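Take a look at the letters that make up each chain.
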Amino acid sequence: MASTSAQSDLEESKAGTDGTFHQAQLGFKPKRKHFFAPVDSTYAGAVHLDAEAVEYTDEEEKQVKRKIDRTVLPLVTCR
């Protein structure tokens, strides 16, 4: 019984750091009345909560900053 509890705790901690835990609680595909209908605001809230829980390593953060620098800075300086 203790291993099941530890395994569920591990799954919850993984889900909290990869950025999909709250969205998974609502379901991955939101239901809409039609194509142009706005998405339910609870999904927007879940996305924001998940975004706050994502943890990046220092290496991942450096890679993202480098990619932004290579993509955005030439656009800004050329205009």
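Each chain has its residues counted from 1, running along the sequence as written. For a predicted model such as this one, the threshold for reporting local features is a pLDDT of at least 70, and the threshold for listing and counting side-chain atom pairs is 80 or more; totals across whole chains, interfaces and linings nevertheless cover every residue. The basis for the side-chain values is all heavy atoms of the structure; hydrogens and waters are excluded.

Participant: Break down the overall build of the chain for me, with residues and values.
Facilitator: Only runs of H or I of at least four residues qualify as helices and only runs of E of at least two qualify as strands under DSSP, and these elements are numbered from the N terminus. When helices and strands are counted, the chain shows four helices and zero strands. Accessible surface is estimated by sampling points in the Shrake-Rupley manner with a 1.4 Å probe; for residues, cover comes only from the protein chains shown. A total accessible area of about 7100 Å² is found for the chain, and carbon and sulfur atoms account for 59% of it.

Participant: Can you break down the confidence of the model for the chain residue by residue, with the values?
Facilitator: Summing up the model confidence of the chain, the mean pLDDT is 76 and the portion of residues at 70 or higher is 75%. By mean pLDDT, helix α1 (residues 2-18) is the weakest element of the chain at 52, and helix α4 (residues 58-78) is the strongest at 89. Note: pLDDT gives the predictor's confidence per residue, expressed from 0 to 100.

Participant: Go over the packing of aromatic side chains with me, naming the residues and quoting the values.
Facilitator: When the centres of two rings from Phe, Tyr and Trp lie within 6.5 Å, Trp using its six-membered ring, the rings pair. Their planes under 30 degrees apart give stacked, over 60 give edge-to-face, and anything left gives tilted. On inspection of all chains with the given rule, the structure shows one aromatic pair. Where F35 meets F36, the ring centres are 5.0 Å apart and the plane angle is 85°; that geometry is what we call edge-to-face. For the pair F35 and F36, one class covers both residues: exposed. Each residue's exposure class comes from its accessible area (1.4 Å probe, protein chains only) as a fraction of the maximum for that residue type: buried when under 20%, exposed when over 50%, partly exposed otherwise.

Participant: Hey, could you go over the pattern of salt bridges for me, with residue numbers and the actual values?
Facilitator: The term salt bridge refers to a side-chain nitrogen of Lys or Arg lying within 4 Å of a carboxyl oxygen of Asp or Glu. Tallying each qualifying case throughout the model produces one salt bridge. Here E61 makes a salt bridge to K65, at a shortest N to O gap of 3.7 Å. Of the two residues, E61 and K65 both sit in helix α4, four residues apart, roughly one turn of that helix. By relative accessible area, E61 is classed as partly exposed at 37%.

Participant: Residue-level account of a nonpolar patch on the surface, with values.
Facilitator: In this analysis, a patch consists of residues with relative accessible area above 30% that form no salt bridge, clustered at 9 Å for like charges and at 5 Å for the nonpolar side chains Val, Leu, Ile, Met, Phe, Trp and Tyr. Residues V64, I68, V72, L75 and V76 make up a contiguous nonpolar surface patch of roughly 440 Å² in combined accessible area. With respect to the element layout, V76 can be found in helix α4.

Participant: Just give me the short version of a positive patch on the surface, but keep the residues and values in it.
Facilitator: Positive: Lys, Arg. Negative: Asp, Glu. His and the chain ends are not part of the count. For charged residues, the charge sits on one atom: NZ in Lys, CZ in Arg, CG in Asp, CD in Glu. The grouping of K62, R66, K67 and R70 at the surface amounts to a positive patch. For K67, the position within the fold is in helix α4.

Participant: Tell me about helix α3 (residues 41-53), and please be specific about residues and values.
Facilitator: Helix span, expected: 1.5 Å multiplied by one less than the number of residues in the helix. Along its 13 residues, α3 runs 19 Å from first to last C-alpha, staying within 8% of the 18 Å computed at 1.5 Å per residue. Among all positions in α3, only Y43, A46 and D50 are buried. Along the axis of α3, the buried residues cluster in a sector spanning 55°; they form a single face. Exposed and oriented more than 90 degrees from the buried face of α3 are S41, H48, A51 and E52. By definition, residues are in contact when any of their heavy atoms lie within 4.5 Å. Where the residues of α3 are buried, they touch α2 (21-26). What the arc describes is the spread of directions from the helix axis to the C-beta atoms.

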